[in-house]
Amino acid sequence: MPTMTYLQAISDAMRQEMRHDERVLVMGEDIGVFGGAFKVTDGFIDEFGPGRVMDTPLAESGIVGTAIGMALYGMRPVPEIQFGDYVYPAFDQIVNELAKFRYRSGGEYQAPLVVRMPVGGGIRGGHYHSQSPEALFIHTPGLKVVAPSNPYDAKGLLLASMRQNDPVLFMEPKRIYRASKADVPDGEYTIELGKARITREGAQVTVVAWSGMVTIAEDAARLAGEAGISVEVIDLRTLLPFDIDALIASTVKTGRVVIVHEAPRTCGFGAELIASIQERAMAHLEAPILRVTGFDTPFPYSLEHEYLPNPVRVLAAIRQTLEW
């Protein structure tokens, strides 16, 4: 079984699906001849040609709008938004059009496409290249939102997403594109959307994270373990739909929950998770559910690592739940 980086796993998934299904095509800014800003599609145009590897203008609304039309007519496009921060010009197309086609047509029309976007900080990109916009789209019925944290999950979840008949927003933490490595099977495999994964078993506190924050949660859990605190870590993997059953089972087990995300705190996805857990498992909670998040400011450049959650901040929240 080969070892792949996160970037290589994403690339491998798309290559395999394009070989498997001629309806699949990729499109986006500089993804063809140049191979993409992060080289995810390097060499694709040589293998599949410009008819299935399409360089587009710098116009995200046009990219997504064109992909929607292709999907409605039987293609299965995978448009790339070069940075997640650039998705906002396409917000209307995604929220008002893409998410609603199945509903407005009474199920007659489907829009099977996957919008890929690198998200999050950690690369000194400043406030235009570091945002985490997941909560804006989780608020939109009709979409699925996926946020893998490692190469193995990234490939399996992307293959599953490309085979959905519903639109998927696939959010990739670019900070670990090349830093995260894992054994990834050469062949095809899929991971069911909507299923979380326990990455570390524990008994006293549950820490929930996704995307680039899972490694932070795991590092905090190791620090807690050195102090005699048993922490369970859940990688949510899919944000819409999310695995509420896994969250409730762990909450019942530990009685304490900490949620970690790098998006701003106010109205972040962590707030919805807190509400959903408390509605179903209030009687099992031994302390208030805490959040460790980014701050309610534009994403900074020089203070990037002060903004991002780190293991020390997560460990402090773990201790706080135990001391309550």
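Higher on the page you've got the structure.
The rules behind the values
Residues numbered from 1 in each chain as written. Predicted model: local features only at pLDDT ≥ 70, side-chain atom pairs only at ≥ 80, totals over all residues. Heavy atoms only, no water. Buried < 20%, exposed > 50% of the residue type's maximum accessible area, 1.4 Å probe, protein only. Helix = DSSP H or I, 4+ residues; strand = E, 2+ residues; numbered from the N terminus. Pairing = 2+ DSSP bridges. Core = buried A, V, L, I, M, F, W, Y, C linked by side-chain atoms within 4.5 Å. Contact = heavy atoms within 4.5 Å. Axes fitted to C-alpha atoms, helices over the stretch in contact; angles between N-to-C directions. Phe/Tyr/Trp six-rings, centres within 6.5 Å; stacked < 30°, edge-to-face > 60°. Lys NZ or Arg CZ within 6 Å of the ring centre and 35° of its normal. Parallel < 35°, antiparallel > 145°, perpendicular 65-115°, else oblique. Left-handed = near helix turned anticlockwise from the far one by under 90°.

Novice: What should I look at first to understand the pairing of strand β2 (residues 24-28) in this one?
Specialist: A regular strand places its side chains on the two faces of the sheet in alternate fashion. Of all five residues in β2, five are buried, a share of seventy percent or more. Burial of the side chains of β2 extends over both faces: V24, V26 and G28 are buried on one face and L25 and M27 on the other. Pairing of β2 with strand β3 (residues 53-55), which is carried by three bridges, proceeds in the parallel orientation. For G28, the partnering residue across the bridge sits in β3 and is D55.

Novice: Got a minute to help me understand the nonpolar core in this structure?
Specialist: Taken as a class, soluble globular proteins show a tendency for nonpolar side chains to be buried jointly. Residues I94, F137, L169 and L236 are the most contacted members of the largest nonpolar core, which totals 46 residues. Ignoring anything within four residues of it in the chain, the contact list for L236 reads K195, A196, V208, A209, W210, F242, D243, L247, F269 and L273.

Novice: Whenever I open this one, the sheet that holds strand β10 (residues 205-209) confuses me. Can you help?
Specialist: The strands making up a sheet associate through hydrogen bonds between their backbones, and the pairing can be parallel or antiparallel. Strand order across the open sheet formed by five strands is β9-β11-β10-β13-β14, with mixed pairing between neighbours. Each end of this open sheet is capped by a strand with a single partner; those strands are β9 (197-200) and β14 (290-294). Adjacent strand axes in the sheet meet at a mean angle of 25°, parallel and antiparallel pairs treated alike. Relative to strand β11 (residues 231-235), β9 runs antiparallel, the two sharing three bridges.

Novice: Where do I start with the packing of aromatic side chains in this structure?
Specialist: Two aromatic rings, taken as a pair, are described by how far apart their centres are and by the angle between their planes. Tallied over the full model, the rule gives 11 aromatic pairs. Centre to centre, the rings of F91 and F137 are 5.3 Å apart; their planes meet at 50°, and the pair counts as tilted. In this pair, F91 is assigned in helix α4 (residues 91-97) and F137 in helix α6 (residues 134-138), connecting sequence segments 46 residues apart. When its relative accessible area of 0% is taken as the criterion, F137 is described as buried. Aromatic side chains W210 and F269 sit 5.4 Å apart centroid to centroid with 70° between the ring planes, which places their arrangement in the edge-to-face category. Linking W210 in the loop between β10 and α8 (214-226) with F269 in helix α10 (residues 269-281), this pair joins segments that are 59 residues apart in sequence. Judged by its relative accessible area of 3%, W210 falls in the buried class. For F269, a relative accessible area of 3% puts it in the buried group. One aromatic cluster is present, built from ring pairs that chain together Y6, F38, F83, Y86 and Y177. Directly above the ring of F34 sits K39, whose terminal nitrogen or CZ lies 3.6 Å from the centroid. Of note, R124 hangs over the ring of Y301, and the distance from its end group to the ring centre comes to 5.8 Å.

Novice: I keep staring at the packing of α8 against helix α12 (residues 311-323) and nothing clicks. Help me out?
Specialist: The angle between the axes and the distance between the axes are what describe a pair of packed helices. Viewed as axis vectors pointing N to C, α8 and α12 meet at an angle of 60°, and their least axial separation amounts to 8 Å. Between α8 and α12, the crossing angle belongs to the class labelled oblique. The two elements α8 and α12 meet at a crossing, and its hand is right-handed. Here I216, D219, A220, L223 and A224 of α8 lie close against α12, whose contacting residues are P311, V314, L315 and I318.

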